[in-house]
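# Structural characterization, general
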Amino acid sequence: MVACRAIGILSRFSAFRILRSRGYICRNFTGSSALLTRTHINYGVKGDVAVVRINSPNSKVNTLSKELHSEFTEVMNEIWASDQIRSAVLISSKPGCFIAGADINMLSACKTLQEVTQLSQEAQRILEKLEKSPKPVVAAINGSCLGGGLELAISCQYRIATKDRKTVLGVPEVLLGALPGAGGTQRLPKMVGVPAALDMMLTGRNIRADRAKKMGLVDQLVEPLGPGLKPPEERTMEYLEEVAITFAKGLADKKISPKRNKGLVEKLTAYAMTIPFVRQQVYKKVEEKVRKQTKGLYPAPLKIIDVVKTGIEQGSDAGYLSESQKFGELVMTKESKALMGLYHGQVLCKKNKFGAPQKDVKHLAILGAGLMGAGIAQVSVDKGLKTILKDATLTGLDRGQQQVFKGLNDKVKKKALTSFERDSIFSNLTGQLDYQGFEKADMVIEAVFEDLSLKHRVLKEVEAVIPDHCIFASNTSALPISEIAAVSKRPEKVIGMHYFSPVDKMQLLEIITTEKTSRDTSASAVAVGLKQGKVIIVVKDGPGFYTTRCLAPMMSEVIRILQEGVDPKKLDSLTTSFGFPVGAATLVDEVGVDVAKHVAEDLGKVFGERFGGGNPELLTQMVSKGFLGRKSGKGFYIYQEGVKRKDLNSDMDSILASLKLPPKSEVSSDEDIQFRLVTRFVNEAVMCLQEGILATPAEGDIGAVFGLGFPPCLGGPFRFVDLYGAQKIVDRLKKYEAAYGKQFTPCQLLADHANSPNKKFYQ
Amino acid sequence: MTTILTYPFKKLPTTSKWALRFAIRPLSCSSQLRAAPAVQTKTKKTLAKPNIRNVVVVDGVRTPFLLSGTSYKDLMPHDLARAALTGLLHRTSVPKEVVDYIIFGTVIQEVKTSNVAREAALGAGFSDKTPAHTVTMACISANQAMTTGVGLIASGQCDVIVAGGVELMSDIPIRHSRKMRKLMLDLNKAKSMGQRLSLISKFRLNFLAPELPAVAEFSTSETMGHSADRLAAAFAVSRLEQDEYALRSHSLAKKAQDEGLLSDVVPFRVPGKDTVTKDNGIRPSSLEQMAKLKPAFIKPYGTVTAANSSFLTDGASAMLIMAEEKALAMGYKPKAYLRDFMYVSQDPKDQLLLGPTYATPKVLEKAGLTMNDIDAFEFHEAFSGQILANFKAMDSDWFAENYMGRKTKVGLPPLEKFNNWGGSLSLGHPFGATGCRLVMAAANRLRKEGGQYGLVAACAAGGQGHAMIVEAYPK
């Protein structure tokens, strides 16, 4: 039963669900010179309770840095030594953050495994002392309590958290390719049970306060307060402190027991886990599941299981030792460096480099209520934007509005929203067939069919009704924005906003600026995207922009590989085992064969032979037979409502047979097939940087991973070149160039990097 | 039954007279309007307004307010309302046929008598030609009934209104679950035995789980007690302050009861039981006793307890409201004028119970009065913590600036003029009936203690609030 539960929980784990945690934010080194006074921690005494306040200077969040560690030790020693003090409360001075985790820069600065291991051991020592504190310590948690922050909190004797949306607890280290290295792997299983602890550590998920209370991760909840005699956040913090103080006193007086009453299920689980056989089964099942999902590409999850197992089977001493060693090993892995790099990139892409726009967008209008249009509407109304959804037909509009409602209603089912909030959010949406109300719009996003003349028509229609300041954004995956803007009266207000499907799930937004797009227009578009919760890359206009352009040569190679007789299932498994979340053949089906054909033809015309490889005829034949991919029920696979298993579409055999190419044996090993795909992708990405389409490699990596599913464990094309070695990639490209020609010619920038090994995209 | 049947016949002659009166109303109306400002001004300025009819309270009564589950527990809401109506008829001797319209407030409706005003009026012997409707606005339902009446009189539509309210918390409509209801409704429509059987086969045991009327705000799913506790915490109101205030309410109510000041209470002979003559929730305790209670909503560290909250109450109230000239013409000596009133609403989550703070300054400004002009404050006491939080909000410049768009604070009502005869905490709070009690307490206090203006204010679920100025009728 326990095993079932653990597996059930783990089924939600997916390697690609990466880095959703917002709180885990790095802090720039401030290099504080004031060593004499404490800068990170101060404390006051109220009655016989010490109130310890954590406040990292010059930062929005508290992070566990070396300074904070040493000041914390000092303060705790004083508290333990004082006769006046009988208990303590640990609280943050920052309303939205308890402790967001360890300082990532501190980890990145470590050169050797020993250094990292030592950091972990120091943290373990401090927390062990805290755990054994003779005076009860209450952690008063408001805001994010993540990673090391949670490890600190669970070393305290009691935890009180605010029931605020901002209050989340979790150990997201796995998302950075590491493990909780400050005793978390040992304490968490004891606190919440092995299955729940493994789930937390392996998924890195954020747990809301009310859920944490049920799990036993926190002991009491405090409701956030509304306005009183002070601003709500301020008073809530004060109240949390007051409540924590009464509990600290109660614990010191032994009026309150820190022990928690466990529920029946919990007791049964705990009992089952005392049986060695059950434990072994649980480990085995979890390991199997992890192996299947990570495909051996991510070392962290297996090590986490290993460390937990060591602690339980061989005692905590062995557990702690193993934890610190494995922590060191993991932090030094390429995977961890890649994931931390993505994390930094993500932080970068959550900022508006154009500054604040002159006018906030409050009224948004979306043209076209298709999958994309409705998706954009959903993420907009969600954030309080008044949104008009316009379509040409009532059926199209109905479908779009249903999609938005369903998206919101699914959140209600998951208890992320109340039905009341859903209704109030949905009231931000107006569905209509005409241009009524467009005179108030601050921004119009068109998501009509990908056809230049149609886009020109709507642009002209819209410009006749919108006010002067209104921005016109085009959601297109390949049509150059400057061509769309050609018919505009005010091209400085025209911009590209390329969303990815499904809009409410995919985090990326690619914003495309033309030569004429004004800075304020860009600022506005980024501001809207950030409001919609997107990670944003800003690229220059050009055929296929960045994302589509990188994908096109890889897709061309996919077709060639299929023509060479590789079975789509085999191709899928080759790509997923390389780290792509979706197999290459499945990806074509998901994107839509007709869309892929369009893109291949358009970009093929512009880039010529370099984008060649597979014969686009394959796609043309598929479209003519109605094999459009998932949306039409048939593509490379057959899709049926309610059927999970995918069968190959046997009607494809004749098409593939008619276009069959002889495979070249020297470049057709499994590994070669993987690299043929990846190197074409990487080469094109580097070329985008070379041509100035991309401004920074970081944006290139974020775009590739979050928009196209480039393997996160490789950290994106640029990080991959850095970590794998430019020379090795160029060698591969040259090998394939010899077999196939120009399509594999390494671009100049990549060649430069290969020639001078010190050159890196990330210094 | 027979009485009801014969009713129309007896009343027939009057009805025809009525029709006549309605026909000439438009003419008489304008002359009355012109005549209005001419009526008396003796002491301070009065709040009479040109071209608006003066509205007066002739008198008002209420049944004793009882803890729910006590003597009224076998009644239905319209029984209680009827008792208040007959009490009013008795007290004022108003001829039934003079009443133009009846309005009652109620919150939790008995499904069988959803227009409880009409059922009670018929049972109390009012003319079946007198229309009646029921209003609902949570704890300010009776206030809404009164102000609806004020509106009908001021606009010349009516001359004589009975307004009141009723709540019977001893019995509440507990429904079948939605699934069960759906099954039963579908069964009703099923035509063949086969259809019926297939429907019955869908039955599951959990369909039988009952559905209680919401005790929580629909929009936020938070119970009011919980919200009150958070409100008290937001304004840093301590447990002790709350207990002290509750004790004050009970002590003052006890004193008022003992001295016979609660003259609006009319005895109610409960069918099959003894006659109830007074409120039974007044129980002055000691601070030590109260301190022993555990928090009722936010456990284990909250501050709102059973002792410092208003309790579930059964009760009804009714009031006779007339146009001043009509009252005088009928030879009545009115008790008070109903003057300016104001409804407000705000965030139902964090400011659920702050209605009085928002409504008070607005109604004072509208009437051209200040806090100092008010001689009797009658605020609805939902919870001690709510009253004290409102006090702190009214006394805070910061709150006034940041949340009310005012430059300065509202100002604190002086405690010696505040709820001097007890309040909802001690007298009880039948949701739909409290509004009339507040107005009558203000009117009676002004008569007894002297003074010209009273201020009634109340909060209500949904984050709404109400305030009204009551002006003493010159003696």
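As annotated in an unreviewed UniProt entry, chain B is Trifunctional enzyme subunit beta, mitochondrial from Chlorocebus sabaeus. Listed in UniProt under the heading Pathway (unreviewed entry), the comment for chain B reads: "Lipid metabolism; fatty acid beta-oxidation." According to UniProt, the comment filed for chain B under the heading Sequence similarities (unreviewed entry) is "Belongs to the thiolase-like superfamily. Thiolase family."

Looking at an unreviewed UniProt entry, chain A carries the name Trifunctional enzyme subunit alpha, mitochondrial, with the source organism given as Papio anubis. The record held by UniProt for chain A lists under Pathway (unreviewed entry) the comment "Lipid metabolism; fatty acid beta-oxidation." Under the Subunit (unreviewed entry) heading, UniProt states for chain A: "Heterotetramer of 2 alpha/HADHA and 2 beta/HADHB subunits; forms the mitochondrial trifunctional enzyme. Also purified as higher order heterooligomers including a 4 alpha/HADHA and 4 beta/HADHB heterooligomer which physiological significance remains unclear. The mitochondrial trifunctional enzyme interacts with MTLN."

Residues and elements named next belong to chain A. On inspection of all chains with the given rule, the structure shows 29 aromatic pairs over all chains. A centroid spacing of 5.5 Å and a plane angle of 80° characterise the contact between phenylalanine 578 and phenylalanine 675, whose relative ring orientation is edge-to-face. Taken together, the residues span a long stretch of sequence, with phenylalanine 578 in helix 22 (residues 568-578) and phenylalanine 675 in helix 27 (residues 670-690) at a distance of 97 residues. You'll find phenylalanine 578 and phenylalanine 675 in the same group, each marked buried.

Let us now look at the domain arrangement of chain A. Partitioning chain A into structural domains gives domain 1 (41-332), domain 2 (363-542) and domain 3 (547-755). The distance between the C-alpha centroids of domain 1 of chain A and domain 3 of chain A comes to 43 Å.

We now examine the UniProt feature "domain: Thiolase N-terminal" (unreviewed entry) in chain B. UniProt tags residues 55-325 of chain B as "domain: Thiolase N-terminal" (unreviewed entry). Within residues 55-325 of chain B, the helical portion is 35% and the strand portion 16%, while the C-alpha atoms at the span's ends are 9 Å from each other.

Our next topic: the UniProt feature "domain: Thiolase C-terminal" (unreviewed entry) in chain B. In the numbering adopted here, UniProt assigns the feature "domain: Thiolase C-terminal" (unreviewed entry) to residues 332-471 of chain B. Between the end C-alpha atoms of residues 332-471 of chain B there is a gap of 17 Å, over a span that is 36% helix and 23% strand.

What follows deals with the environment of aspartate 210 of chain A. Residues and elements named next belong to chain A. Secondary-structure assignment places aspartate 210 in helix 8 (residues 209-215). Overall, aspartate 210 belongs to the partly exposed group, its relative accessible area being 31%. The spacing of aspartate 210 and leucine 175 is 35 residues in sequence and 23 Å in space, taken between C-alpha atoms.

The subject of this paragraph is the sheet that holds strand 16 (residues 494-499) of chain A. Residue and element names in this part refer to chain A. Read from one edge to the other, the open sheet built from eight strands follows the order 13-12-11-14-15-16-17-18, with strand pairing classed as mixed. The sheet terminates laterally at strand 13 (429-432) and strand 18 (535-540), the two strands that pair on one side only. In this sheet, adjacent strand axes meet at a mean angle of 25° when their direction is disregarded. Contacting strand 17 (508-513) and strand 18, helix 28 (residues 697-708) runs over the sheet at an angle of about 120° to strand 18.

Residues and elements named next belong to chain A. Strand order in the open sheet made by the four strands is 4-6-8-9, with mixed pairing throughout. Whereas interior strands pair on both sides, the edge strands pair on one side only; in this sheet they are strand 4 (97-99) and strand 9 (207-208). With two bridges joining them, strand 8 (residues 168-170) and strand 9 adopt antiparallel strand pairing. Each residue of the ladder has a partner; that of valine 168, found in strand 9, is arginine 208.

This part covers the interface of chain A and chain B. Opposite the 18 residues of chain A that make contact, chain B presents 18 residues. Buried surface at the junction of chain A and chain B, both sides included, amounts to about 1,700 Å², of which 65% is carbon and sulfur. Connecting chain A to chain B are three residue pairs in polar contact (both at pLDDT 80 or more). In terms of residue class, the side of chain A that touches chain B is built from 12 nonpolar, three polar and three charged.

A side chain of one charge can pair with a side chain of the opposite charge if their charged atoms are brought near each other. One pass over the full model with this rule turns up 70 salt bridges over all chains. Between arginine 457 of chain A and glutamate 461 of chain A there is a salt bridge whose closest N-O contact spans 3.5 Å. Of this pair, arginine 457 of chain A and glutamate 461 of chain A both sit in helix 18 (residues 452-465), separated by four residues, roughly a single helical turn. What makes glutamate 461 of chain A partly exposed here is its relative accessible area of 31%. Between aspartate 350 of chain B and arginine 230 of chain B there is a salt bridge, and its shortest N-O distance comes to 2.8 Å. With a gap of 120 residues between them, aspartate 350 of chain B in the loop between strand 9 (336-345) and helix 11 (355-367) and arginine 230 of chain B in helix 7 (residues 224-234) connect regions that are remote in the sequence.

Reading the values: rules and limits
Residues numbered from 1 in each chain as written. Chains lettered and ligands numbered in written order. Predicted model: local features only at pLDDT ≥ 70, side-chain atom pairs only at ≥ 80, totals over all residues. Heavy atoms only, no water. UniProt positions renumbered as here; feature names shortened; annotations may be inferred. Phe/Tyr/Trp six-rings, centres within 6.5 Å; stacked < 30°, edge-to-face > 60°. Helix = DSSP H or I, 4+ residues; strand = E, 2+ residues; numbered from the N terminus. Buried < 20%, exposed > 50% of the residue type's maximum accessible area, 1.4 Å probe, protein only. Domains from an automatic or database assignment. Pairing = 2+ DSSP bridges. Axes fitted to C-alpha atoms, helices over the stretch in contact; angles between N-to-C directions. Contact = heavy atoms within 4.5 Å. Buried area = accessible area lost by both parts, 1.4 Å probe. Polar contact = N/O pair within 3.5 Å; in protein donor to acceptor, adjacent residues only side chain to side chain. Nonpolar A, V, L, I, M, F, W, Y, C, P; charged D, E, K, R; others polar. Salt bridge = Lys/Arg side-chain N within 4 Å of Asp/Glu carboxyl O.

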